[in-house]
Amino acid sequence: MLKRKSFYGVALFSVALFLTAGCASQDVVKKDEGLVTAPVVAKQADLTPPRQTATTPAVQVSPAQSSAADQLKQKASSATPLQSALEKIYFDFDSASLSDSARTILSKNAAALMKETSAKISIEGNCDERGSAEYNLALGERRAKAARQYLVTLGVKPDRLATISYGKEKPAVQGSDEAAMAKNRRDEFVVITK
C-alpha cells in the first residue's frame, strides 16, 4: 500500500512538473550576430511589426503597437502628394550601381523633396531572393546609400534622408522568375515625417 501511494505521489508530481514546464514561456532571444544595418528611424521601426518568414521567429504585437503602426502608416499616406511623387528605382542583379533611368527618377524625387523642405524620407533598399540573408542585407544597404548619396549631390540635405536595408525580406512581387526578381531589386522612398 505504501509503494502504491509513493508511486501515485511521484506520478502526480511528474504530471504537475510536466504541465508547469509546458506553460512556461518559450521565448528565445538571439544575440546580435554582428550584422550591420543602417540606423532605423525610431518611429517607424518601433511601431511596425516585423514580417514573419521561415527564418524569423514569430513576434507577438500588442493591439496598442498595431494601432500605433496603423496610425503611422496613415500619417505617411496623408502626405500623399509627396509620397505619390516619389518613385521607386530598380537595380541590376547583384549591383548597387545607379542606372541612367534610376538617376532620372532620382532627379525627379529630388525636385519633389526640394518643394517639401520639411519632409524626411526613408530610403529602403531591397533585393531579390537569391543569396544569403546577410549578403542581401549588405547589398540592400549599398543600394539605399547609393540613392541617398545621389540625392545629396542633387541638393537634398543629408539629415532629411534615412536609409534602411530589408534585404530579401520584403519582396514587392512573389515569384522566382526573372520578371518578379527584377521588381524586387529596388529602392523605395517612404515619407516618414512632414
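Everything below is about the structure shown above.
Reading the values: the criteria
- Residues numbered from 1 in each chain as written.
- Predicted model: local features only at pLDDT ≥ 70, side-chain atom pairs only at ≥ 80, totals over all residues.
- Heavy atoms only, no water.
- Helix = DSSP H or I, 4+ residues; strand = E, 2+ residues; numbered from the N terminus.
- Buried < 20%, exposed > 50% of the residue type's maximum accessible area, 1.4 Å probe, protein only.
- Contact = heavy atoms within 4.5 Å.
- Expected span 1.5 Å × (residues − 1).
- Phe/Tyr/Trp six-rings, centres within 6.5 Å; stacked < 30°, edge-to-face > 60°.
- Lys NZ or Arg CZ within 6 Å of the ring centre and 35° of its normal.
- Pairing = 2+ DSSP bridges.
- Salt bridge = Lys/Arg side-chain N within 4 Å of Asp/Glu carboxyl O.
- Right-handed = clockwise from strand over helix to strand, strands pointing away.

Colleague: Give me the lowdown on the overall build of the protein, citing residues and values where you can.
Modeller: Counting its regular elements, the protein contains 7 helices and 4 strands. Along the protein, helices and strands appear, N-terminal first, in the series α-α-α-α-β-α-β-α-β-α-β. Sorting the 194 residues of the protein into buried and exposed places 30% on the buried side. Of all intrachain contacts in the protein linking residues separated by at least 6 positions in sequence, the fraction that spans at least 24 positions is 76%.

Colleague: Which residues make up helix α6 (residues 133-153), and what values go with them?
Modeller: Counted at 1.5 Å a residue, the expected span for α6 with its 21 residues is 30 Å, and the 30 Å between its end C-alpha atoms agrees. Of all the residues in α6, the buried ones are Asn136, Leu137, Leu139, Gly140, Glu141, Arg143, Ala144, Ala147, Tyr150 and Leu151. Residues of α6 that are buried sit in contact with β1 (89-90), α5 (100-115), β2 (120-126), β3 (161-167) and β4 (186-193). Positive backbone phi, approximately 110°, marks Gly155, located one or two places after α6.

Colleague: Any details on the packing of aromatic side chains? Residues and values, ideally.
Modeller: A full pass over the atoms with the stated rule returns 0 aromatic pairs. The ring of Tyr166 carries the charged tip of Lys170 above its face, separated from the ring centre by 4.2 Å. Directly above the ring of Tyr90 sits Lys183, whose terminal nitrogen or CZ lies 5.5 Å from the centroid.

Colleague: Which residues make up the sheet that holds β2, and what are the values?
Modeller: Judged by pairing direction, the sheet is mixed, and its 4 strands sit side by side in the order β1-β4-β2-β3 without closing on themselves. Edge strands, defined here as strands with exactly one partner in the open sheet, are β1 and β3. As paired strands, β2 and β4 are joined by 6 bridges and run antiparallel to one another. Bridge assignment links Lys120 to a residue of β4, and that residue is Thr193.

Colleague: Lay out the pattern of salt bridges with the relevant residues and their values.
Modeller: A complete count under the given rule lists 7 salt bridges for this structure. Note that Asp128 and Arg130 form a salt bridge whose closest N and O atoms lie 2.9 Å from each other. Judged by relative accessible area, which is 3%, Asp128 ranks as buried. Taking the shortest distance from any N to any O, the salt bridge between Arg185 and Asp128 comes out at 3.1 Å. Separated by 57 residues along the polypeptide, Arg185 in the loop between α7 (178-184) and β4 and Asp128 in the loop between β2 and α6 bring together distant segments of the chain. By the burial criterion, Arg185 is buried, and Asp128 matches it. If you follow the salt bridges from partner to partner, you end up with Asp128, Arg130, Glu178 and Arg185 in one network.

Colleague: Just give me the short version of the pairing of β3, but keep the residues and values in it.
Modeller: Side-chain direction in a regular strand flips from residue to residue, so the side chains alternate between the two faces of the sheet. In terms of residue burial, β3 counts as a mostly covered element, since 6 of its 7 residues are buried. The pairing of β2 with β3 spans 6 bridges and is parallel. If you follow Asn126 over to β3, its bridge partner there is Gly167. At this point the chain moves from β2, through α6, to the parallel β3, and the crossover so formed is right-handed.

Colleague: Help me get a handle on the environment of Thr117, residues and values and all.
Modeller: Looking at the secondary structure, you find Thr117 in the loop between α5 and β2. Take Thr117: its relative accessible area is 59%, and that puts it in the exposed class. Sequence spacing of Thr117 and Lys157 is 40 residues, and the spatial spacing of their C-alpha atoms is 9.1 Å.

Colleague: Could you give an account of unusual backbone geometry, naming the residues involved and the relevant values?
Modeller: Of note in the backbone geometry, Asp94 takes a positive phi value of approximately 55° without being a glycine. Here Asp94 shows up in the loop between β1 and α5.

Colleague: I'd like to hear about the environment of Tyr150, residue by residue, with values.
Modeller: With respect to the secondary-structure elements, Tyr150 resides in helix α6. Between the alpha carbons of Tyr150 and Arg103 there is a distance of 7.9 Å; along the sequence they are 47 residues apart. Ignoring sequence-local partners within four residues, the contact set of Tyr150 consists of Leu98, Arg103, Leu106 and Ser107.

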